[in-house]
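Residues per chain are reported as follows:
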Amino acid sequence: MMTQARCWWVVLVLVGALMATTLPGRAAAEAEGFMPAWQVGDAWVVEARYRNLARGEDAWLPPIRWRFHVRSAREVDGEPCFLVHVVPLGRPDLKVQAVLWLAQRDLRPVRVIDVFPLRGVATARRREFDPQRLTPLFPEGALIPYALPLFPLAAPARTTGPTVVVGEKSVAVASTTFVDRVSQTWSRTPRGFIVDLDDGQPGGSIRQEWRKGLPWAVWQIGRAMEVRLVEPAPEEERR
C-alpha cells in the first residue's frame with residue numbers, strides 16, 4: 001500500500017500534468033483575443049436614439065431600431081468577407097440602409113455602401129478601404145450605428161490600463177483617397193472589453209462595450225447618439 005506522503009505526491013504529479021495540457025490552450029486563446037463569432041444567417045437588432053442638437057444636449061428624437069443581417073459570404077478582391085445588410089425596422093420612410101463587406105478573419109471594413117435620400121432621390125455612397133491601412137469602421141455621418149472596432153481585442157488578464165492602437169484611415173470615395181489619423185483604445189472588463197474609437201471628426205469619440213457570446217456591442221455612447229443591443233438580448237436580460 002502507498003504511504004500517505006506518496007499518495008499526495010502522485011496527486012500533485014497528476015494535477016501538474018493536467019495543467020500542462022490545459023494551460024497552453026488557454027494561453028493560446030488569450031493570445032488570439034476576442035472577436036464576435038458570426039455565421040451566415042445571423043441577425044440582431046440595435047436601438048439607437050439621437051440627440052436633437054438643435055434643441056440642446058438633453059433633447060432626444062424618437063428611437064430607431066436597426067436590423068443587422070449577415071446575408072452571405074463573398075470574396076472582395078480575394079478577401080473572404082461577410083456581407084451584412086442593415087435596415088431600419090418599421091421605418092421605410094427613412095429610405096436609409098447600408099451594405100457592409102467585412103473581412104471574415106478580423107471584421108475589418110473592406111467595402112461599405114450607404115444608401116440615403118438626397119433631395120428626395122435615393123443616393124448611394126460607396127467606400128473602398130485600403131487593405132494596407134487597417135482601420136476601425138466609422139459611420140462618418142451616416143444615420144446607421146455600425147461603428148466597429150478592429151479585432152481581435154486582446155489584453156493580458158492582469159492589465160489595468162488600456163491597450164492603444166493608432167493608425168491611418170485610407171478610404172477611396174469617388175476615386176479620391178482620404179487619409180486620416182484614427183485611434184482605438186480598449187481595456188478588459190470582467191465581462192469583456194470597453195472600446196473607445198476616435199476618428200478626429202466633430203462628432204467626437206465613440207465608446208462601446210463588447211461581451212463574449214454576443215454578436216454586437218451591448219451599448220454604445222457618442223456625442224450625438226446612444227445605442228443598445230436589444231435582440232439578442234444582453235446576458236442579464238436572458239437570465
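Counting of residues starts from 1 at the beginning of each chain's written sequence and follows it residue by residue. Since the coordinates come from a predicted model, pLDDT governs what is reported: local features require at least 70, and pairs of side-chain atoms require 80 or more to be given and counted, while whole-chain, interface and lining totals use all residues. Where side-chain values are given, they derive from all heavy atoms of the structure, hydrogens and water being excluded.

Student: Go over the overall build of the chain, please, and point to the residues and values.
Tutor: For the purposes of this entry, the term helix denotes a DSSP run of H or I that reaches at least four residues, the term strand denotes a run of E that reaches at least two, and both are numbered from the N terminus. If you tally the helices and strands in the chain, you get two helices and twelve strands. Helices (α) and strands (β) of the chain occur, in sequence order from the N terminus, as α-β-β-β-β-β-β-β-β-β-β-β-β-α. The classification of residues rests on relative accessible area computed with a 1.4 Å probe and restricted to protein chains. Under 20% of the type maximum is buried, over 50% is exposed, and intermediate values are partly exposed. A burial count over the chain gives 38% of its 239 residues as buried. Contacts are residue-level and defined by heavy atoms, with any inter-residue pair within 4.5 Å sufficient. A separation of at least 24 residues holds for 44% of the contacts in the chain among residues at least 6 apart in sequence. Areas reported here follow the Shrake-Rupley algorithm with a probe of radius 1.4 Å; residue values treat only the protein chains shown as occluding. Carbon and sulfur atoms form 56% of the exposed surface of the chain, whose accessible area is close to 13,700 Å².

Student: Hey, could you go over the pattern of salt bridges for me, with residue numbers and the actual values?
Tutor: Only one rule defines a salt bridge in this text: a Lys or Arg side-chain nitrogen within 4 Å of an Asp or Glu carboxyl oxygen. On inspection of all chains with the given rule, the structure shows 15 salt bridges. Salt-bridge contacts for R105 lead to E79; the nearest nitrogen and oxygen are separated by 3.1 Å. Separated by 26 residues along the polypeptide, R105 in the loop between β4 (97–103) and β5 (109–118) and E79 in strand β3 (residues 79–88) bring together distant segments of the chain. Residue class for R105 comes out exposed when judged on its relative accessible area of 58%. One salt bridge connects R127 with D114, and the closest N-O pair in it is separated by 3.7 Å. One end of the pair, R127, is in strand β6 (residues 121–129); the other, D114, is in strand β5, and 13 residues separate them in sequence. Its relative accessible area of 0% is what places R127 among the buried residues. Here D114 falls in the buried class, since its relative accessible area comes to 4%. Each of E79, R105, D106 and R108 takes part in a single network of salt bridges with overlapping partners.

Student: So what's going on with the confidence of the model for the chain? Which residues, and what values?
Tutor: Values of pLDDT, the confidence the predictor places in each residue, fall between 0 and 100. A residue-level look at the chain finds 71% of positions with pLDDT of 70 or above and a mean pLDDT of 78. Mean pLDDT values over the elements of the chain span from 38, in helix α1 (residues 4–32), up to 97, in β3. In the model, residues 4–31 has pLDDT below 50 throughout and makes seven contacts with residues more than four positions away in sequence or in other chains. Residue range residues 156–179 is modelled with pLDDT below 50. Its contacts to residues more than four positions away, or to other chains, number 58 contacts.

Student: An account of the nonpolar core is needed here, citing residue identities and associated values.
Tutor: The definition of a nonpolar core used throughout is a set of buried Ala, Val, Leu, Ile, Met, Phe, Trp, Tyr and Cys residues joined through side-chain atoms within 4.5 Å. One finds W38, W66, F68, V84, L100, Y146 and W216 to be the most contacted residues of the largest nonpolar core, which totals 44 residues. Among the secondary structure elements, those contributing two or more residues to this core are β1 (43–50), β2 (64–76), β3, β4, β8 (176–188), β9 (192–198), β10 (206–211) and β12 (225–231). In contact with Y146, other than residues within four places in its own chain, are F68, A98, L100, V112, D114, R127, L137, F138, P139 and W216. By size, the runner-up hydrophobic cluster in this structure holds eight residues, among which are V76, C81, W101 and I113.

Student: Give a detailed account of the environment of R49, specifying residues and quantitative values.
Tutor: Topologically, R49 is positioned in strand β1. Expressed as a C-alpha distance, the spacing of R49 and M225, which sit 176 residues apart in the sequence, is 5.8 Å. Setting aside anything within four residues of it in sequence, one finds R49 in contact with W60, L61, P63, A224, M225 and E226.

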